[in-house]
Amino acid sequence: QQPVQSPQAVILREGEDAVINCSSSKALYSVHWYRQKHGEAPVFLMILLKGGEQKGHEKISASFNEKKQQSSLYLTASQLSYSGTYFCGTENGYGQNFVFGPGTRLSVLP
Amino acid sequence: EAGVAQSPRYKIIEKRQSVAFWCNPISGHATLYWYQQILGQGPKLLIQFQNNGVVDDSQLPKDRFSAERLKGVDSTLKIQPAKLEDSAVYLCASSPRVGLPYEQYFGPGTRLTVT
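Residues numbered from 1 in each chain as written. Chains lettered and ligands numbered in written order. Predicted model: local features only at pLDDT ≥ 70, side-chain atom pairs only at ≥ 80, totals over all residues. Heavy atoms only, no water.

> How do you make sense of the sheet that holds strand 3 (residues 18-23) of chain A when you look at a structure like this?
Within a sheet, each strand pairs with its neighbour through backbone hydrogen bonds, oriented either parallel or antiparallel. Residues and elements named next belong to chain A. Read from one edge to the other, the open sheet built from 4 strands follows the order 1-3-8-7, with strand pairing classed as antiparallel. In this open sheet, the two edge strands, each paired with only one partner strand, are strand 1 (4-6) and strand 7 (61-65). When strand polarity is set aside, the average angle formed by the axes of neighbouring strands in this sheet is 15°. Pairing analysis gives 3 bridges linking strand 1 to strand 3, with the strands arranged antiparallel. Across the sheet, residue V4 finds its bridge partner in strand 3, namely S23. (Pairing = 2+ DSSP bridges. Helix = DSSP H or I, 4+ residues; strand = E, 2+ residues; numbered from the N terminus. Axes fitted to C-alpha atoms, helices over the stretch in contact; angles between N-to-C directions.)

Okay, here's the thing in structure tokens:
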């Protein structure tokens, strides 16, 4: 079942903050976050694992509430390069049955 | 390290024709994914291989789509016959781990237009 993302779209000025939410009606074992720029392939941002382990390689933070089956991605002091569509993804705990959410389109204006 | 390679990058065919896409994952990556991304939507998983075995093909329209991964390395995805609704970007991704959630590395995709 596809996770739900909110908001669908957000427009920011450079330097502003944004939060993107991802929720699921089924138990989450991990939440993956990807960013996709127009005409390009998705690029990995972060994985949050059940139990608190977090793997990522960009200066973007996220939280994972296992009880609420929700995750939030925090973009602080946004830059123009943050523009793109952000997707969360979930799987069954064994790296299988991967499902992406519908995406949140983020536009950062100068 | 070379990334995930896909070819062709673009393909235009008429409905009822057949088409094949090729993917070469990052060297040593055990897991390979094929996704279909329709404009404005998130990628939809079509099939997942671990080495050369299929672990998930629940959303693959098996009456027209087929995929194989030769010797656990590169992979082909075929559509026969194509329908108008197959117009999409087909993304290939690979991951180094088996049985664990891990980051996926995506190729540039193949944009298919069915007329």
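So much for the structure itself; the text now carries on.
> Even after reading the chapter, I still don't get the state of the cysteines, so can you show me in this structure?
Where two cysteines share a covalent bond between their sulfur atoms, that bond is called a disulfide. One pass over the full model with this rule turns up 2 disulfides over all chains. Between the sulfur atoms of A:C22 and its disulfide mate A:C88 the distance is 2.1 Å. Here the S-S torsion is close to 70°, and the disulfide linking A:C22 with A:C88 is therefore right-handed. One end of the pair, A:C22, is in strand 3; the other, A:C88, is in strand 9 (residues 84-90), with 66 residues separating them in the sequence. Since its relative accessible area comes to 1%, A:C22 is described here as buried. You can call A:C88 buried: its relative accessible area is 0%. In this model B:C23 forms its disulfide with B:C92; the gap between the sulfur atoms is 1.9 Å. What sets the handedness of the B:C23 and B:C92 disulfide is the S-S torsion sign, and at about -65° it is left-handed. (Disulfide = S-S within 2.5 Å. Buried < 20%, exposed > 50% of the residue type's maximum accessible area, 1.4 Å probe, protein only.)

> Just checking my understanding: could you explain the pairing of strand 3 of chain A for this structure?
Each regular strand shows side chains that alternate between the opposite faces of the sheet. Residue and element names in this part refer to chain A. Across the two faces of strand 3 the burial differs, with A18, I20 and C22 buried and V19, N21 and S23 not buried at all. The pairing of strand 3 with strand 8 (residues 70-75) spans 6 bridges and is antiparallel. Within strand 8, the position partnered with N21 by the bridge is S72.

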